[in-house]
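As a plain string of letters, each chain reads:
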Amino acid sequence: MDKLSSLAKFKNSCPFLGHTKTSTLRSLCTSASPRYPSLSRLTERATQCPVMGPALQVRSNQMVAGYASLAGTAEFKQIHEHKGVFPVPTGTNIDKCPHASKAIAAARMADDLARVAKDKKAEPAHAAAAPSTSKAAAAGCPFHAAANAKQSTQTSGFDYEKFYVSELDKKHQDASYRYFNNINRMASKFPIAHTGDPRDEVEVWCANDYLGMGNNPVVLETMHRTLNTYGHGAGGTRNIAGNTGMHLALEEELADLHRKPAALVFSSCYVANDATLTTLGSKLPGCVYFSDSMNHASMIQGMRHSGTKRVIWKHNDLQDLESKLAQYPKETPKIIAFESVYSMCGSIGPISEICDLAKKYGALTFLDEVHAVGLYGPRGAGVAEHLDWEAQKRAGQSPDPIKNSVMDRVDIITGTLGKAYGAIGGYIAGSADFVDMIRSYAAGFIFTTSLPPANVAGARASIAYQKEYLGDRQLMQINVRDLKSRFEALDIPVVPGPSHIVPVLIGDAALARLASDTLLSKYNVYVQAINYPTVARGEERLRFTVTPGHTVDQIARLAHAVDQTFTELGIKRTSMWKVEGGRAGVGMPNAEPVQPIWSDEHLGLLDDSAPDVLRDGQERVVDARAVNITRGKFSDLLGPVEPTIRVMQMTTAPNLTSIPTEALQTPTRMTVTA
């Protein structure tokens, strides 16, 4: 009912369509109403129009009646019998009959339109009567009201609503307006999600739950046990009733992970970065920040809030960093702020070399490992751990620092619980006195309610499990290699990088959004477009994230879908960017191949210890040893575990199965949807 091509001819007659941008209409057309799943958001709004509202009701009833009038005819019965859906199409074979499936869709829409009408009648009537019927109708219509908004604005004072509209219009004009798709990841079908309509399922290719730990059975079990023991909320700030044993244990787990003396948990890593950098910069006398040009917004905001000087150095350019450090006396307090994995381009910071410069010029190092914790290193502590793989592996689960290792040389590490660990929250790790100072002064920590105990317990269970099980990290990186090689073979322009990030260059904001919409509507592939200001103008992209839960069949289908979308929309491929001299690292002249940070040895490809890739219908491994160790860490607060673990089977329908503890002596598997 609301195809863009059909709407265009009504722009002159409908005030709403006339003043609404095509990009906004596209978003309204392609996203389902949260209240009425069979309707798009545009159709839901149209029901409020005195012209379109009744017309929608009439047309919908006509469609239902039309399908119903044909359903019982002999001709249709013969077709059903011939196609194997005799005597009538049912829930198991209805997809074979386009007539029946469309009839049901029309009936659902009619039901939702009837619900809209019923809900409207239930609303209280307006107290004031309109001077005429036509004027009353127009006044009650949001489309006409929007067109005549200028007439109802204040005659004096600042026009706030006009200001809001003007600011939003700027975002639409430069195609940087952000669209928020209704995507609901399903624990029983990871990495499948449904849209606003629970019957509309898509594959998720841009989530930051990199390892699928958001539905790991021991994580869910631990959260359920904690919820039953301690309830939902934390009850207050960390200083007022919100400092639980779960919070303290999580901080000990994080300090152990990074082999640091102490750690501190925040509500998010954005808050952790902002609060920590604000506090450090404002307290250190004459402090100067040295910030990588591609640092995350949370770090930039924290440095700005500190009120201290900020010197920006070129991304990963050690020579530029040193030239700027050399301009200040060694005794001047300095902090070098940078990241390990830069999430929009996939590059990795030269951590060891930056530590060398910090020592030479008397600076502290502040390393953001947000897109690396859980994903790199023998225990998942991040890139700093990964760089000393053998030494870190030999140290096992010892909390003691490895002297002169890269991770030991980094002064401050920040990370998130909301990405690879599938939870929520952020943290810092460092010396005991440093952590205590931030705890005592950082407003972002002091004046906010602490995370709920169940979330904290889930995060700790996820960290504990990943410290013991390497297979998820290995399989994820194997899948990343697979997708990158398929894209390369199809001339798809992947921004080169050694990490797990797979950024595909589009080079135009509107085209990036259109590519995202096309993949979703035509191929049931959800990947979000990344535009300015997250990336520079002209470097817009699609950012794919691959998980160990994606099968090789899903990866193959994705590569085909992207290839078809590039052809359909005429998006530039690598060879085309090369002719133009390259952009964002794609097609650059004389470019050297970028080697992945995960070597064949790390992945277990040299000794045949690598995990098996998954095919559609196969099951994900849940490591029994890691499960049992993780369970044991909660026995002091939650008591002994029941003799079974409730595992979410990843089938085409939710199926909770109890698996005896003794059966966990060998890897347990979770079925992956086909």
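Up top is the structure these notes are about.
Residues numbered from 1 in each chain as written. Predicted model: local features only at pLDDT ≥ 70, side-chain atom pairs only at ≥ 80, totals over all residues. Heavy atoms only, no water.

> An account of the sheet that holds strand β3 (residues 201-204) is requested, with residue identities and associated values reported.
The four strands are arranged β1-β2-β3-β12 in an open sheet whose pairing can be described as mixed. The open sheet has two edge strands with one neighbour each: β1 (184-185) and β12 (525-526). When β1 meets strand β2 (residues 192-194), the two strands line up antiparallel, connected through two bridges. Among the inter-strand pairings, Arg 185 is bridged to a residue of β2, identified as Ala 193. (Pairing = 2+ DSSP bridges. Helix = DSSP H or I, 4+ residues; strand = E, 2+ residues; numbered from the N terminus.)

> Account for the packing of helix α15 (residues 318-325) against helix α16 (residues 351-361), naming residues and giving values.
Across the interface, α15 lies against α16 with an axial gap of 11 Å and an inter-helix angle of 15°. Taken together, the axes of α15 and α16 are roughly parallel relative to one another. The two elements α15 and α16 meet at a crossing, and its hand is right-handed. Facing α15, whose interface residues are Leu 318, Leu 321, Glu 322 and Leu 325, α16 presents Glu 353, Ile 354, Leu 357, Lys 360 and Tyr 361. By residue class, the composition of the contact of α15 with α16 is six nonpolar, no polar and three charged. (Axes fitted to C-alpha atoms, helices over the stretch in contact; angles between N-to-C directions. Parallel < 35°, antiparallel > 145°, perpendicular 65-115°, else oblique. Left-handed = near helix turned anticlockwise from the far one by under 90°. Contact = heavy atoms within 4.5 Å. Nonpolar A, V, L, I, M, F, W, Y, C, P; charged D, E, K, R; others polar.)

> Please provide a residue-by-residue account of the pairing of β3, values included.
In terms of strand pairing, β2 meets β3 through three bridges, oriented antiparallel. Its bridge partner lying in β3, His 194 is registered against Glu 201. Between β2 and β3, which pair antiparallel and follow one another directly, the connecting turn spans six residues. Bridge analysis of β3 against β12 gives two bridges, and the strand direction is parallel.

> A description of the side chain of Lys 189 should follow, citing residues and the corresponding values.
With respect to the helices and strands, the residue Lys 189 is situated in the loop between β1 and β2. Lys 189 gets classed as buried once you look at its relative accessible area, which sits at 7%. At 2.5 Å, the side chain of Lys 189 and the side chain of Glu 201 are in polar contact. (Buried < 20%, exposed > 50% of the residue type's maximum accessible area, 1.4 Å probe, protein only. Polar contact = N/O pair within 3.5 Å; in protein donor to acceptor, adjacent residues only side chain to side chain.)

> An account of the nonpolar core is requested, with residue identities and associated values reported.
One finds Phe 290, Ile 336, Ile 351, Phe 487 and Phe 544 to be the most contacted residues of the largest nonpolar core, which totals 107 residues. When residues of this core are assigned to domains, at least three fall in each of domain 2 (186-212 + 471-602) and domain 3 (237-450). The next biggest cluster of nonpolar side chains, apart from the first, holds 23 residues, and it includes Met 299, Ile 412, Ile 428 and Ala 442. (Core = buried A, V, L, I, M, F, W, Y, C linked by side-chain atoms within 4.5 Å. Domains from an automatic or database assignment.)

> Now, about the sheet that holds strand β9 (residues 412-416): what can you tell me, with residues and values included?
Taken in spatial order, the seven strands of this open sheet run β4-β10-β9-β8-β7-β5-β6, and their pairing is mixed. Of all the strands in the sheet, just β4 (262-266) and β6 (309-313) have a single pairing partner and so form its edges. Taking the axes of each pair of neighbouring strands and ignoring which way they run, one obtains an average angle of 20° across the sheet. Sheet topology places strand β7 (residues 334-339) next to strand β8 (residues 363-368); six bridges connect them, and they run parallel. What sits directly across from Glu 339, in β8, is Asp 368. Running over the sheet, α16 touches β6, β7 and β8 and is turned about 155° from β8.

> Please give an account of a negative patch on the surface that cites residues and values.
Side chains of Glu 390, Glu 601, Asp 607 and Asp 608 sit close together on the surface and give a patch of like negative charge. One can find Asp 607 in the loop between α27 (600-603) and β15 (619-622). (Patch = residues over 30% accessible without salt bridge, like charges linked within 9 Å, V, L, I, M, F, W, Y side chains within 5 Å. Areas by Shrake-Rupley, 256 points an atom, 1.4 Å probe, with all protein chains shown as cover. Salt bridge = Lys/Arg side-chain N within 4 Å of Asp/Glu carboxyl O. Lys, Arg positive; Asp, Glu negative; His and termini not counted. Charge placed at Lys NZ, Arg CZ, Asp CG, Glu CD.)

Honestly, that's just the spatial picture; any functional story needs more than this.
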